[in-house]
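The lines below spell out each chain.
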Amino acid sequence: MSGTEVRRQPSASDPLLQPFRLKHLVLRNRVISTSHASMLDAGGLPLERYQRYHEEKARGGLAMTMIGGSAMTSSDSSWGGGQLDLTSDRIIPHLQQLSERIHGRGAAVMGQLSHLGRRATAFGGNWLPVLAPSRVRESRGRAFPKEMDAADIARIIGDYAQAARRYFAGGMDGIETLTGGHLIGQFLSPRTNKRTDAFGGSLENRARFGLMVHEAIRKAVGDKAIVGIRFVIDEGVEDGLGFDDAVALAQLFEREGHVDFFNCIYGRMDNDLVLSEHNMPGLFQRSAPFLPQVAAFRREVRLPVMHAAGIRDVATARHALRENIVDLVGMTRAHIADPDLVNKIVRGEEACIRPCVGASYCLYKKVNCIHNPASGRETMLSHRIDKAPARKKVVVIGGGPGGLEAARICAERGHRVTLFEAAPRLGGQVLVAAAAPERRDLLGIVQWREAELARLGVERRMNTYADAAAVLAEGPDVVIAATGGVPDMDWLRGGGLCDTVWDILTGAAAPREDVLIYDGTGRAAALSCALDLARKGKSVTIATPDEALALEMPYQDRTGFRKRVSELGIGVMVEARLVGVERRGDRLLAQFRHELTDRACEIGAAQVVIESGTIPVDDLYHELRDRAANLGVTDIADMIAADDRPDMTGPAGNGPVLHRIGDSVASRDIHSAIYDAYRICVRI
């Protein structure tokens with residue numbers, strides 16, 4: 001596919017690109033990024049790293065970015081870090097810098113402010129008691145709250161007003177409060193509000209606190225300021241706030257006249273599972289799962305409506321606008337994957353948008369995208385690749401995610417790139433991972449890079465197991481070894497009797513009726529395999545040396561996997577270290593030691609399947625080292641340098657420079673391999 005082939009000029013009627021007027025504010029299009037806790041603040045302040053992250057999205061063409069997910073209105077609204085702190089005027093100069101940057105890129109910026117209520121921590125931050133409408137403990141935060149008295153209510157209403165004032169003093173175009181599982185929402189919901197005074201009982205009484213908050217905000221910031229509410233339209237649980245009552249409450253807020261828009265959310269957030277199934281749909285949820293509910297809500301209200309929940313692709317966003325479900329569409333995680341999303345639409349390069357693959361990695365390690373290493377690292381890495389001062393010949397060995405990224409970056413730099421891949425398909429371990437139904441969208445990581453390599457004219461040699469002679473015959477200036485790894489079975493006595501998770505997921509080994517899976521990583525591979533086999537009717541037990549299943553996953557995936565393990569009746573052994581496997585008749589006997597007591601036990605199964613990371617495939621790297629100008633040594637100090645961008649091409653005339661990345665170094669993950677490739681290759 002050539003550069004011209006991916007260009008399709010956007011239609012003048014493209015709903016994504018139409019301007020929208022929100023009160024006095026004219027937005028240049030309909031695409032926004034909603035508030036989220038990026039964890040990029042510095043002690044509650046939006047300093048350079050925080051500002052650059054949001055500025056990049058504004059530079060990329062969206063209409064509005066929203067900052068301050070769960071920003072603190074009060075000193076007793078802390079979960080221990082990672083929130084903007086709106087409790088004092090010290091934040092105002094930094095907000096002014098941020099808003100100037102965003103406005104300078106042609107976008108608007110709004111901020112969220114909230115009190116966590118029972119979601120706060122009593123054992124961190126300011127070490128203050130947790131407050132709530134009633135003494136109802138949240139299972140996620142696990143604090144026992146104090147029931148708010150009149151003084152608490154009055155103080156926190158005042159705190160909301162002052163926090164709003166600080167936002168507008170900082171140049172924000174608008175603000176939003178938050179219901180849901182936060183304090184206003186805890187008053188609204190019969191699940192968490194058991195009061196018998198003027199703030200509990202009837203719908204009107206439960207709304208009283210939120211109405212008073214918005215009245216105080218309006219008095220503090222004036223009638224012209226834009227003030228919205230991120231509003232839960234249905235808690236999705238029998239004893240919670242239902243759709244009909246949510247509509248009645250929304251109409252009550254409208255009648256009071258202090259709210260200018262609704263940012264719709266669905267469900268609860270009082271444990272990790274419902275956070276991932278409702279507020280931030282993850283691995284096990286379909287794309288944009290709550291558009292039907294938002295559409296029904298939209299028909300009952302008159303104020304503008306926004307929504308963001310799993311809207312990861314442009315087609316779905318267009319649908320939401322064309323069907324008049326929303327006025328503004330939130331593509332928050334899609335902008336973490338590609339902050340230039342809107343500009344690419346405008347330029348007719350929609351096919352070049354880096355897709356959000358729904359991996360939830362951005363909710364695991366700050367806002368780092370699983371396959372965009374620059375997101376959240378804007379002070380260290382650029383989202384735009386500069387041309388190199390001199391064109392070089394680069395050979396990349398291996399077509400997994402790291403190798404594909406290395407080839408892409410080097411080609412963007414203007415180098416002549418040849419990629420060797422031993423298999424008939426590109427993708428490496430991603431192809432194995434995507435064989436599990438829950439993880440099939442990971443293929444987008446490979447497909448996007450395949451298209452980019454075609455666009456950039458990278459030569460790809462498939463079914464080619466390169467040796468040193470073949471590599472050196474290319475006359476390379478730089479060689480990137482991205483040969484990946486293979487399942488590690490060397491550590492296990494009796495490992496030859498076992499199959500690997502790779503074998504099962506790819507169909508290389510047929511599953512038996514009674515399977516024991518050993519998960520030595522805490523990642524998704526073993527559990528994906530277990531779910532797949534259980535759905536096929538196999539009897540499955542999974543064992544791990546960890547204290548619980550799925551410890552090395554984002555919490556959204558962790559809880560989703562555990563839920564399905566329970567639903568499917570999969571047996572679970574934790575804190576069990578596998579030490580050996582032997583054959584007893586037609587059965588295999590797996591021998592374990594308890595991690596804490598060292599007590600021995602044995603489990604029989606027809607088949608034992610192992611996942612314990614990978615060992616590097618590094619023979620070719622070692623074969624090339626003695627002929628490399630840098631002896632195959634990657635200078636770590638140069639690799640991680642942020643500002644001066646040292647040249648990593650090495651001395652000239654002494655053979656090629658050789659770098660090794662990803663699992664060909666050690667068993668890690670997709671993001672690590674891509675990050676290795678990015679920060680080395682932008683300096684070649």
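Our structure is the block above this text.
A brief look at the structure comes next. (Residues numbered from 1 in each chain as written. Predicted model: local features only at pLDDT ≥ 70, side-chain atom pairs only at ≥ 80, totals over all residues. Heavy atoms only, no water.)

## A short note on the pattern of salt bridges
According to the stated counting rule, one finds 52 salt bridges in the structure shown. Put simply, R105 and E55 hold a salt bridge, and the shortest N to O gap is 3.2 Å. With R105 in the loop between α2 (92–104) and β5 (108–112) and E55 in helix α1 (residues 48–59), this pair connects stretches of sequence that are 50 residues apart. With a relative accessible area of 35%, R105 lands in the partly exposed category. One salt-bridge network, in which partners are shared between bridges, spans E56, R59, D340, R347, E349 and R384. (Salt bridge = Lys/Arg side-chain N within 4 Å of Asp/Glu carboxyl O. Helix = DSSP H or I, 4+ residues; strand = E, 2+ residues; numbered from the N terminus. Buried < 20%, exposed > 50% of the residue type's maximum accessible area, 1.4 Å probe, protein only.)

## Examining the packing of aromatic side chains
Describing an aromatic ring pair means giving the distance of the ring centres and the angle of the ring planes. Overall, the coordinates contain 11 aromatic pairs when judged by the stated rule. Their ring planes at 55° and their centres at 5.4 Å tell us that F231 and F262 sit as a pair that is tilted. Remark: F262 occurs in strand β10 (residues 261–265) and F231 occurs in strand β9 (residues 226–232); sequence separation between them is 31 residues. Here the two residues F231 and F262 agree in accessibility, since each one is buried. Judged by centre distance (4.4 Å) and plane angle (15°), the ring pair of Y266 and F290 falls under stacked. With Y266 in the loop between β10 and α7 (272–279) and F290 in the loop between α7 and α8 (291–298), this pair connects stretches of sequence that are 24 residues apart. The burial state of Y266 is the same as that of F290; both residues are buried. (Phe/Tyr/Trp six-rings, centres within 6.5 Å; stacked < 30°, edge-to-face > 60°.)

## Here's the deal with the layout of surface pockets
Here the idea is plain: a probe the size of a water molecule rolls over the atoms and shows the empty space left. Roughly 1,200 Å³ of internal volume is contained in the second largest pocket. Lining the second largest pocket we find 46 residues, and of these A37, W79, L275, M280 and Y555 sit closest to its centre. Those elements giving two or more residues to the lining of the second largest pocket turn out to be α7 and α10 (332–337). Looking at which element gives the most residues to the lining of the second largest pocket, the answer is α10, with four residues. Across the lining of the second largest pocket, the residue classes break down as 23 nonpolar, 14 polar and nine charged. (1 Å grid on protein atoms, 1.4 Å probe; cavity = no way out; pocket = protein on both sides within 12 Å on 5 of 7 lines; lining within 4 Å. Points joined across faces, edges and corners; volume = space filled by probe spheres on them. Nonpolar A, V, L, I, M, F, W, Y, C, P; charged D, E, K, R; others polar.)

## Re the pairing of strand β14 (residues 416–420)
Consecutive side chains of a regular strand alternate in pointing toward one face of the sheet and then the other. Where burial is concerned, most of β14 is hidden: four out of the five residues are buried. Pairing of strand β13 (residues 393–397) with β14 involves five bridges; the strand directions are parallel. When the bridges of β14 are listed, I397 appears paired with F420. Following the backbone out of β13, through helix α12 (residues 401–412) and into the adjacent parallel β14, one traces a crossover that is right-handed. (Pairing = 2+ DSSP bridges. Right-handed = clockwise from strand over helix to strand, strands pointing away.)

## Side note on the sheet that holds strand β16 (residues 478–481)
With respect to topology, five strands assemble into an open sheet ordered β15-β14-β13-β16-β27, the strand pairing being parallel. The sheet is open, and its two borders are formed by β15 (459–461) and β27 (657–660), each paired with just one other strand. With direction set aside, neighbouring strand axes in the sheet form an average angle of 15°. Of the strand pairs in this sheet, β16 and β27 are connected by four bridges, and their pairing is parallel. What sits directly across from V478, in β27, is V657. (Axes fitted to C-alpha atoms, helices over the stretch in contact; angles between N-to-C directions.)

## Section: α12
The first and last C-alpha atoms of α12 sit 16 Å apart over 12 residues, in line with the 16 Å expected at 1.5 Å per residue. For α12, a buried count of 12 out of 12 residues is recorded, marking the element as mostly surrounded by other parts of the structure. Of the residues making up α12, those classed as buried are P401, G402, G403, L404, E405, A406, A407, R408, I409, C410, A411 and E412. At its buried positions, α12 is contacted by β13, β14, α13 (429–433), α14 (443–456), β16 and α21 (670–681). Backbone geometry just after α12 places G414 at a positive phi near 100°. (Expected span 1.5 Å × (residues − 1). Contact = heavy atoms within 4.5 Å.)

## Some points on the sheet that holds strand β19 (residues 514–519)
Strands sit in the order β18-β25-β19-β20-β21 across an open sheet of five strands; the sheet is parallel. In the strand order of this sheet, the two ends are held by β18 (499–500) and β21 (571–573), each with one partner. Here β18 pairs with strand β25 (residues 607–611) via two bridges, running parallel. Its bridge partner lying in β25, T500 is registered against I610.

## A look at the environment of N324
Along the chain, N324 falls in the loop between α9 (314–322) and β12 (328–330). Taking the C-alpha atoms as reference, N324 lies 38 Å from G81; in sequence the two are 243 residues apart. Side chain to side chain, N324 and R298 meet in a polar contact 3.2 Å long. (Polar contact = N/O pair within 3.5 Å; in protein donor to acceptor, adjacent residues only side chain to side chain.)

## Side note on unusual backbone geometry
Phi at S70 takes a positive value of approximately 60°, unusual for a residue other than glycine. Along the chain, S70 falls in the loop between β4 (64–67) and α2. Non-glycine residue A288 carries a positive phi angle of around 45°. For A288, the location among the structural elements is in the loop between α7 and α8. Accessibility expressed as a relative area gives 7% for A288, which makes it buried.

## Thoughts on the nonpolar core
I67, Y167, F209, F231, F262, F297 and V329 are the most contacted members of the largest nonpolar core, which totals 95 residues. In this structure, I67 is in contact with S35, Y50, H54, L84, L95, L98, V109, M110, G111, Q112, Y167 and M172, ignoring residues within four places of it in sequence. In this structure, A406, L419, V446 and I661 belong to the second largest nonpolar core, which totals 39 residues. (Core = buried A, V, L, I, M, F, W, Y, C linked by side-chain atoms within 4.5 Å.)

## Digging into the packing of α1 against α2
Across the interface, α1 lies against α2 with an axial gap of 9 Å and an inter-helix angle of 20°. Taken together, the axes of α1 and α2 are roughly parallel relative to one another. As α1 packs across α2, the resulting crossing turns out to be right-handed. In this structure, α1 uses E48, Y50, Q51, R52, H54, E55 and A58 to contact α2, whose residues at the interface are H94, Q97, L98, R101 and I102. Of the residues that constitute the contact of α1 with α2, the class distribution is four nonpolar, four polar and four charged. (Parallel < 35°, antiparallel > 145°, perpendicular 65-115°, else oblique. Left-handed = near helix turned anticlockwise from the far one by under 90°.)

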